[in-house]
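Here are the chains, one letter per residue:
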Amino acid sequence: MESDGMKSRRRVDQGRQAEELDVRIQQVLIWNEKVFPTSWQRAIVIPIAKPEKDPQNAGNYRPIALTSCLCKLMERMVNARLVYCLEEKGVLSPFESGFRHHRNTVDNILLLETSIREAFV
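Residues numbered from 1 in each chain as written. Predicted model: local features only at pLDDT ≥ 70, side-chain atom pairs only at ≥ 80, totals over all residues. Heavy atoms only, no water.

## A few points about the overall build of the chain
(1) Moving on: Secondary structure assignment for the chain yields three helices and two strands.
(2) Moving on: In the chain, the succession of helices and strands from N to C terminus is α-β-β-α-α.
(3) Moving on: Buried positions account for 10% of the 121 residues belonging to the chain.
(4) Moving on: Look at the contacts in the chain between residues 6 or more apart in sequence, and 25% of them connect residues 24 or more apart.
(5) Moving on: Summing over all exposed atoms, the chain offers an accessible surface of approximately 10600 Å²; the carbon and sulfur share of this is 58%. (Helix = DSSP H or I, 4+ residues; strand = E, 2+ residues; numbered from the N terminus. Buried < 20%, exposed > 50% of the residue type's maximum accessible area, 1.4 Å probe, protein only. Contact = heavy atoms within 4.5 Å. Areas by Shrake-Rupley, 256 points an atom, 1.4 Å probe, with all protein chains shown as cover.)

This is the structure:
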């Protein structure tokens, strides 16, 4: 911290570079060495009460798992690559909308509605 309480730009950039290097190291370990970091295999699970439900009933809670930020980043990278490969090879059905960019379940509902209307014309 500088005297004004702010981090210097250089220190922030160094922190980012260190994070990028750590991510690259993790990628090498996971892809090349087939080693999944032990710290990524742990999660802190926090029960969150469902709104307007009886908090005395254990079934009225949903578990929220807090995991490593680097693990989440790697999951997103793997997911993006996997979805890209599946779409490029035409493995995914054009009707599959779940968890795909620029797609929505509303698209399928509109397609169904259009098909029904055309059937009666």
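## Concerning helix α2 (residues 69-88)
The periodicity of an α-helix, 3.6 residues per turn, causes residues three or four positions apart to be oriented the same way.
(1) Moving on: A rise of 1.5 Å per residue sets the reference length of α2, with its 20 residues, at 28 Å; its end C-alpha atoms lie 29 Å apart and thus fit the reference within 8%.
(2) Moving on: Regarding α2, the residues found buried are Cys71, Met74 and Val83. Within α2, the buried residues cover an arc of 160° as seen down the axis, which keeps them to one side. Residues of α2 that are exposed and point more than 90 degrees away from the buried face comprise Cys69, Arg76, Arg81 and Glu88.
(3) Moving on: Note on α2: the residue one or two positions beyond its end, glycine 90, has a positive phi of about 70°. (Expected span 1.5 Å × (residues − 1). Arc of directions from axis to C-beta.)

## Some thoughts on the side chain of asparagine 60
(1) Moving on: Mapped onto the fold, asparagine 60 is located in the loop between β1 (44-49) and β2 (61-66).
(2) Moving on: A distance of 2.9 Å separates a polar side-chain atom of asparagine 60 from the backbone oxygen of aspartate 54.
(3) Moving on: Setting aside its immediate chain neighbours within four residues, asparagine 60 contacts Ile48, Ala49, Lys50, Lys53 and Asp54. (Polar contact = N/O pair within 3.5 Å; in protein donor to acceptor, adjacent residues only side chain to side chain.)

## A word on the pattern of salt bridges
(1) Moving on: All chains considered together, the criterion is met by one salt bridge.
(2) Moving on: In this structure, the salt-bridge partner of arginine 117 is glutamate 113, at a minimum N-O distance of 2.8 Å. You can see arginine 117 and its partner glutamate 113 sitting in helix α3 (residues 105-119), four residues apart, about one turn around the helix.
(3) Moving on: Take glutamate 113: its relative accessible area is 34%, and that puts it in the partly exposed class. (Salt bridge = Lys/Arg side-chain N within 4 Å of Asp/Glu carboxyl O.)

In short, shape yes, function no, at least from these values alone.
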